[in-house]
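# Residue-level structural notes
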Amino acid sequence: MSRRSILTWPDTRLSAKCAPVDEVTDDIRTLASDMLDTMYDAPGRGLAAPQVGVLIRLFVMDATWKEGTPSPMICINPVILSHSAQTATAGEACLSIPGLSAEVSRPTSIRMTWTDLNGAEQVETLSGFAALCAQHELDHLDGIVTLDRVDAAQRAALLAQYEAAA
């Protein structure tokens, strides 16, 4: 397929809440394939449709490919059904905010539902890095970036670092 350009912050499309996907079409399948190509080339572990300028509720991720075991997921209209009480704080990078890593706290396990490319509903419990990655990508569908998940002091420091690198 082909690679798409990744939007960088502060592009306003990254702050938009995305519309649901009404049906899985060939255009959606092409977009998902292009997004996987783009993500692997970046090289990232997740990419949401708004990051390539398409404001719909779709993301792709592959939490394991960098360890040599590819397991791509294409998630259309994802919803977190439940999450663990246990949280973990870890450095999160974002393809749309290159060069930055923010310390973000998230539940370590989630139960999520989504529609796959065949139009079938999927439900899975994700844990560890996969859970963190899915939550990060789902944030993009709600117009939330990692800078929105940190306290004011960390945000100010990250913004100064980002602007200095620009």
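The structure under discussion appears in the preceding block.
Residues numbered from 1 in each chain as written. Predicted model: local features only at pLDDT ≥ 70, side-chain atom pairs only at ≥ 80, totals over all residues. Heavy atoms only, no water.

### Looking at the sheet that holds strand 6 (residues 109-115)
As summarised here, the arrangement of the five strands in space is 1-2-3-6-7, forming an open sheet in which the pairing is antiparallel. Lying at the two open borders of the sheet, with one neighbouring strand each, are strand 1 (46-48) and strand 7 (121-127). Going across the sheet, the axis of each strand differs from the next one's by a mean of 40 degrees, ignoring polarity. The sheet contact formed by strand 3 (residues 73-83) and strand 6 spans five bridges and is antiparallel. Paired with Val 79 across the strands is Thr 113, a residue of strand 6. Against the sheet, helix 1 (residues 26-41) makes contact with strand 1, strand 2 (58-61) and strand 3, and its axis sits at roughly 40 degrees relative to strand 2, the strand it touches most. (Pairing = 2+ DSSP bridges. Helix = DSSP H or I, 4+ residues; strand = E, 2+ residues; numbered from the N terminus. Axes fitted to C-alpha atoms, helices over the stretch in contact; angles between N-to-C directions. Contact = heavy atoms within 4.5 Å.)

### Some thoughts on the environment of Leu 31
Mapped onto the elements, Leu 31 comes out in helix 1. In this structure, the C-alpha to C-alpha distance between Leu 31 and Arg 4, residues 27 residues apart in sequence, is 9.2 Å. Here Leu 31 is in contact with Arg 4, Ala 49, Val 52, Val 54 and Ile 56, once residues within four sequence places are set aside.

### What about the pairing of strand 3?
By the bridge criterion, four bridges tie strand 2 to strand 3 in an arrangement that is antiparallel. Bridging across to strand 3, Leu 58 finds its partner in Ile 76.

### Digging into helix 2 (residues 128-141)
When the terminal C-alpha atoms of helix 2 are compared, their 21 Å separation across 14 residues agrees well with the 20 Å that a helix rising 1.5 Å per residue should span. With 12 of its 14 residues buried, helix 2 lies for the most part within the structure. Among the residues making up helix 2, those that are buried are Ala 130, Ala 131, Leu 132, Cys 133, Ala 134, Gln 135, His 136, Glu 137, Leu 138, Asp 139, His 140 and Leu 141. Residue Gly 143 follows helix 2 closely and has a positive phi angle near 75 degrees. (Expected span 1.5 Å × (residues − 1). Buried < 20%, exposed > 50% of the residue type's maximum accessible area, 1.4 Å probe, protein only.)

### Details of the pattern of salt bridges
Across all of its chains, the model carries 11 salt bridges by this definition. With a closest N to O distance of 2.8 Å, Asp 11 and Arg 13 form a salt bridge. Exposure remark for Arg 13: the relative accessible area of 34% places this residue in the partly exposed category. The partner of Asp 26 in a salt bridge is Arg 29, with the nearest N and O atoms 3.2 Å apart. Remark: Arg 29 and Asp 26 occur in helix 1; sequence separation between them is three residues, near one turn of the helix. Since its relative accessible area comes to 32%, Arg 29 is described here as partly exposed. Several salt bridges converge on common partners, so that one network encompasses Glu 92, Arg 106, Asp 139 and Arg 149. (Salt bridge = Lys/Arg side-chain N within 4 Å of Asp/Glu carboxyl O.)

### Looking at the layout of surface pockets
Its volume calculated, the largest pocket comes out at about 330 Å³. In terms of lining, the largest pocket is formed by 18 residues, of which the most central are Arg 45, Glu 92, Ala 93, Cys 94 and Phe 129. It is helix 2 that provides the largest number of residues to the lining of the largest pocket, a total of five residues. Its residues placed into classes, the lining of the largest pocket shows nine nonpolar, five polar and four charged. (1 Å grid on protein atoms, 1.4 Å probe; cavity = no way out; pocket = protein on both sides within 12 Å on 5 of 7 lines; lining within 4 Å. Points joined across faces, edges and corners; volume = space filled by probe spheres on them. Nonpolar A, V, L, I, M, F, W, Y, C, P; charged D, E, K, R; others polar.)

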